[in-house]
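One-letter residues, chain by chain:
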Amino acid sequence: MCVSYILTEAKPRMVAWCLLTMVSLLLIQATCQPPPPRAFFVFGDSLVDSGNNNYLATTARADTPPYGLDYPTHRATGRFSNGRNVPDIISEHLGAEPVLPYLSPHLDGDKLLRGANFASAGVGILNDTGVQFANIIRIEKQLRYFSQYQSRLRRLLGSDAAVGRLVNGALVLITLGGNDFVNNYYLVPFSARSREMSLPDYVRFLVAEYAKVLRQLHALGARRVLVTGSGPIGCAPAELALRGSRAGECAAELQRAAALYNPQLVDMIRGLNADLGADVFIAVNAHRMHMDFISDPAAYGFVTSKVACCGQGPYNGVGLCTAASSVCPDRDLYAFWDNFHPTEKANRIIVSQFMDGTQEYMHPLNLTTILAVDAAAAADATFN
């Protein structure tokens, strides 16, 4: 009505009123539209690698079938899963597409605004972890790539301030630690690290080195970081096959390592947050999340939490899943996909605790609360 009136010989006051109404309606429409999903950055090891190792000359890869059997494309993507991994499922909760591996040639242009996955299978907190895999992106290099990413983003957005807003407002996930035990300290009976340090000393050393990594992340702009502890590494099919008891009990020494490591990691995170005066780092109790369905698989619809869906040897725990491996017909009945990594169904159970878990699982805040608090803070900053 206003448009047709303006196009005729309307009085100036009426023209102004119609134009003001149209502008107001456009502003209301823009305000009602949901904001774009926040950027998401991922660092760590094979539990969260979405395909970076596909681009490296390494044996630590998952780019051949039957990996990816239940991924939407039904193709191996480099994820160590039959389908989606934890970062993919977190992205769903953010209302976003999964972030691309940093080494992907498709990560360019506006796709940079979504974030990036820097994780690489085989890495640990320490640079000597995973040496048997040769070319992997160790955590110090993942952080260098994060700095490089920000330079690329600066060219796209045109200012340091815009880059800072995107990075400061992003969600970050980092998953490290398990490989420092299974692919370093306990890799061989008398590893260099086990000869050098007792287990308690090694754990203290790991936590101190991890604190340096987290401080670097903060220095690079990360302000909301989910830090996962070690899962029950002694209960993985690989460790059941190698070190477990005849009754199928979890490998005691590896469970002891996790029991020493996880509380010290939480204490370290509390200390960092106290120093920073903010809840930057969130302690994720991955051990408890996994043990829920490992100790009572039937309660979660699994027929077993000991035998991997895909593999060979005892518990299907010897070596990675390959085209020659036996594969279970129903992946939803298995907690583990291969010798170390959960199925997509197990990953969804894990992420449900990220979202809604009590402080026993997520300290000091779960992800649903974080998203609500941060959205409110962003809205307040916009209107003030």
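Residues numbered from 1 in each chain as written. Predicted model: local features only at pLDDT ≥ 70, side-chain atom pairs only at ≥ 80, totals over all residues. Heavy atoms only, no water.

## Digging into the overall build of the protein chain
Test applied: In this text, helices come from DSSP runs of H or I with a minimum length of four residues, and strands from runs of E with a minimum of two, each type numbered from the N-terminal end. Between two residues, a contact is recorded if the distance between any of their heavy atoms is within 4.5 Å. Note on areas: these come from Shrake-Rupley sampling with a 1.4 Å probe, and a residue is covered only by the protein chains present in the view.
A count of helical and extended segments in the protein chain gives 13 helices and eight strands. Of all intrachain contacts in the protein chain linking residues separated by at least 6 positions in sequence, the fraction that spans at least 24 positions is 69%. If you sum the accessible surface of the protein chain, you get close to 17,600 Å²; carbon and sulfur atoms cover 59% of it.

## A look at the environment of Leu 176
Just so we agree on the cut-off: Per-residue accessibility, obtained with a 1.4 Å probe over protein chains only, is compared with the maximum for each type, and a residue is labelled buried under 20%, exposed over 50%, and partly exposed between these values.
Position of Leu 176 relative to the elements: it lies in the loop between β3 (171–175) and α6 (178–185). The class of Leu 176 is buried, set by a relative accessible area of 2%. Residues Leu 176 and Tyr 210, 34 residues apart in the sequence, show an inter-C-alpha distance of 8.5 Å.

## Quick notes on the sheet that holds strand β2 (residues 115–117)
To keep it simple, the criterion reads: When DSSP finds at least two bridges between two strands, those strands are taken to pair. Inter-axis angles, ranging from 0 to 180 degrees, are taken between N-to-C directions of lines fitted to C-alpha atoms, where helices are fitted over the stretch in contact.
Read from one edge to the other, the open sheet built from six strands follows the order β2-β1-β3-β4-β5-β8, with strand pairing classed as mixed. Looking at which strands have only one partner, the edges of the open sheet turn out to be β2 and β8 (362–363). Here two bridges tie strand β5 (residues 281–284) to β8, and the two strands are oriented antiparallel to one another. When the sheet's bridge partners are listed, Val 284 is paired in β8 with Met 362. Seen against the sheet, helix α4 (residues 139–157) touches β1 (40–44), β2 and β3 and runs at an angle of roughly 160° to β1.

## Examining the packing of aromatic side chains
To keep it simple, the criterion reads: For this analysis, a ring pair means two rings from Phe, Tyr or Trp (six-membered ring only for Trp) whose centres lie within 6.5 Å, classed as stacked if their planes differ by under 30 degrees, edge-to-face if by over 60, and tilted for the remaining angles. Charge-over-ring contacts are defined here by two conditions on Lys NZ or Arg CZ: a distance within 6 Å of the ring centre and an angle within 35 degrees of the ring normal.
In the structure shown here, the tally under the stated rule is 18 aromatic pairs. Both rings, one in Tyr 67 and one in Trp 337, keep their centres 6.0 Å apart while their planes meet at 70°; by these two values the pair is edge-to-face. Placement of Tyr 67 in the loop between β1 and α3 (86–94) and of Trp 337 in the loop between β7 (326–327) and α12 (344–356) is noted, with a sequence separation of 270 residues between them. Neither residue differs from the other here; Tyr 67 and Trp 337 are each classed as buried. Through successive ring pairs, a cluster of aromatic residues spans Phe 41, Phe 43, Tyr 102, Phe 118, Tyr 145, Phe 146 and Tyr 149. The residue whose ring lies beneath Lys 345 is Phe 302, and the NZ or CZ to ring-centre distance is 4.8 Å.

## Looking at the state of the cysteines
As a reminder, the rule being used: The definition used for a disulfide is geometric: two cysteine sulfur atoms within 2.5 Å.
Applying the stated criterion across every chain, the model contains three disulfides. Here Cys 235 pairs with Cys 250 through a disulfide, and the sulfurs are 2.0 Å apart. Here Cys 235 and Cys 250 share a disulfide; its torsion about the S-S bond, 105°, makes the bridge right-handed. Residue Cys 235 is located in the loop between β4 (225–228) and α9 (237–243), and its partner Cys 250 is located in the loop between α9 and α10 (252–276); the two are separated by 15 residues in the primary sequence. Note on Cys 250: relative accessible area 27%, which makes it partly exposed. Two residues, Cys 309 and Cys 328, share a disulfide whose sulfurs are 2.0 Å apart. The sign of the S-S torsion, about -95°, decides the handedness of the disulfide formed by Cys 309 and Cys 328: left-handed.

## What to know about the side chain of Asn 82
What counts here: Side-chain atoms alone can form a polar contact between residues adjacent in sequence; in general such a contact is a pair of N or O atoms within 3.5 Å, and within protein one must be able to donate a hydrogen while the other accepts it.
Following the sequence through the fold, Asn 82 ends up in the loop between β1 and α3. For Asn 82, the side chain forms a polar contact with the side chain of Ser 81, separated by 3.5 Å. What Asn 82 contacts, discounting residues up to four positions off in sequence, is Gly 68, Leu 69, Asp 70, Tyr 71, Arg 331, Trp 337, Thr 343 and Glu 344.

That is the geometry; function is a separate question.
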